[in-house]
Amino acid sequence: MERLILFVYQNRAFFTFLVLEIFCAWLIVENNAYQGTKFFNSSNGVVATMNNFSQSVRDYFQLSEVNRMLAEENASLKQSLEQQKKIAYPTAEATLDSALTGQYDFVSAKVVNNHVDMVKNFITIDRGKDAGIEAGMAVISPLGVVGKVKLVSRNYAVVTSILHVDVMTSGVLKRTEHFGTIQWNGLDPDLVEFKYIPRHVSPAKGDTVVTSGYNAVFPAGIMIGVIDEVTLSDEALFYDLSVRLSQDFRKLSFVNVIRNHRQVEQDSLEQVILKLER
């Protein structure tokens, strides 16, 4: 404090001059209309610029919360859309089957850990048993298929990514409605293989591939990607198709977990028929 007082005292002439200059400027602005108008217009512009900068900084630090709100809203809209589909397409007797109306629930979650550099990749999300998440549930993003829940704790869940060499997903070529199997080869995280499309089909680069709905995990019509490369050997029974994923897994931030209320019923019934056929 003493040093500050000494500094001010030693430079008292400069500070006196500065105070007088500010006072003179104030007198000019206060007593001259033109100078006053120019000053206030300029000062308002400076203040507006500072306010915009301050608001931009606040908006940046609020992006995480905004993204979470958007993800929750997206999950809610997906659930509403699912219900509207059931209402729009009633049964043959023109009655609404209430069991179908609520077949799927959507729970939004944030990705807290993600890998794309291994042959067996996993994703960790910040929702677990407390949010109703269970092993076996499908996980999607606003852009497409992500994977399936593998392990669950109270507040977290580990998801087996579609970028996992042991994961196979049923897909369908949307244009021709032929179905096959989606599987990653462990190389490029942007591309997966689409297997078992017979040679009499004519797939083309740019064709859309979506989930088939032939299992109880993913609903039908969820985006997987588009065909990036088409190869057919002379004696091959099936095409070698490369599909570019619609979701860039390096930029994965928020996902939706899908709860199928009929999954247990479908799986148990299929297990019964498998046992009977043995």
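Treat the numbers as computed from the prediction; the structure is a model and nothing was measured. (Residues numbered from 1 in each chain as written. Predicted model: local features only at pLDDT ≥ 70, side-chain atom pairs only at ≥ 80, totals over all residues. Heavy atoms only, no water.)

Draft legend 1. Molecular detail of the overall build of the protein chain. Per the secondary structure count, the protein chain includes six helices and twelve strands. For the protein chain, the proportion of its 278 residues judged to be buried stands at 32%. If you take every contact in the protein chain between residues at least 6 apart in sequence, the share linking residues at least 24 apart comes to 58%. A total of about 18000 Å² of accessible surface is found on the protein chain, and carbon and sulfur atoms cover 58% of it. (Helix = DSSP H or I, 4+ residues; strand = E, 2+ residues; numbered from the N terminus. Buried < 20%, exposed > 50% of the residue type's maximum accessible area, 1.4 Å probe, protein only. Contact = heavy atoms within 4.5 Å. Areas by Shrake-Rupley, 256 points an atom, 1.4 Å probe, with all protein chains shown as cover.)

Draft legend 2. Seen up close, the sheet that holds strand β7 (residues 178-183). The antiparallel closed barrel is built from six strands, whose spatial order is β6-β7-β8-β11-β10-β9. Each strand axis lies, on average, 40° off the axis of its neighbour in the sheet, ignoring direction. (Pairing = 2+ DSSP bridges. Axes fitted to C-alpha atoms, helices over the stretch in contact; angles between N-to-C directions.)

Draft legend 3. Structural view of the pattern of salt bridges. Under the defined criterion, the tally for this structure stands at seven salt bridges. Of the charged contacts, one joins R259 and D105 as a salt bridge, the two residues approaching to 3.4 Å between their closest N and O atoms. Placement of R259 in strand β12 (residues 254-260) and of D105 in strand β1 (residues 104-114) is noted, with a sequence separation of 154 residues between them. Each member of the pair, R259 together with D105, is buried. Residue D166 pairs with K120 through a salt bridge whose shortest N-O separation is 3.2 Å. Here D166 is found in the loop between β5 (157-164) and β6 (168-173), whereas its partner K120 is found in strand β2 (residues 120-125), with 46 residues between them in sequence. Residues joined by salt bridges that share partners form a network here, namely D190, D248 and R250. (Salt bridge = Lys/Arg side-chain N within 4 Å of Asp/Glu carboxyl O.)

Draft legend 4. Region of interest: the packing of aromatic side chains. Counting across every chain of the model gives two aromatic pairs. Ring geometry for F179 versus Y214: centroids 5.0 Å apart, planes at 85°, classification edge-to-face. Placement of F179 in strand β7 and of Y214 in the loop between β9 (208-211) and β10 (223-231) is noted, with a sequence separation of 35 residues between them. Look at Y214 and you get exposed, because its relative accessible area is 51%. (Phe/Tyr/Trp six-rings, centres within 6.5 Å; stacked < 30°, edge-to-face > 60°.)

Draft legend 5. Molecular detail of a nonpolar patch on the surface. Together, M1, L4, I5, F7 and V8 make up a nonpolar patch on the protein surface, roughly 550 Å² of accessible area in all. Among the structural elements, I5 can be located in helix α1 (residues 2-10). (Patch = residues over 30% accessible without salt bridge, like charges linked within 9 Å, V, L, I, M, F, W, Y side chains within 5 Å.)

Draft legend 6. Representation of the environment of K174 in the model. Within the fold, K174 resides in the loop between β6 and β7. K174 gets classed as exposed once you look at its relative accessible area, which sits at 56%. Placed 33 residues apart in sequence, K174 and D207 show a C-alpha to C-alpha distance of 7.3 Å. With residues near it in sequence (within four places) discarded, K174 still touches T208 and V210.

Draft legend 7. Local environment of the sheet that holds β5. Within the closed barrel, the six strands sit side by side as β1-β2-β5-β4-β3-β12. Their pairing is antiparallel. With direction set aside, neighbouring strand axes in the sheet form an average angle of 45°. Bridging between β1 and β12 involves seven bridges; their strand directions are antiparallel. Following the sheet pairing, A109 is matched in β12 by V255.

Draft legend 8. Looking closely at unusual backbone geometry. With a phi angle near 65°, E177 is a residue other than glycine that sits in the positive phi range. Topologically, E177 is positioned in the loop between β6 and β7. We classify E177 as exposed; its relative accessible area is 65%. Within the chain, Y196 stands out as a residue other than glycine whose phi angle is a positive 70°. Structurally, the position occupied by Y196 is in the loop between β8 (191-195) and β9. On the basis of relative accessibility, which here comes to 46%, the residue Y196 falls in the partly exposed class.

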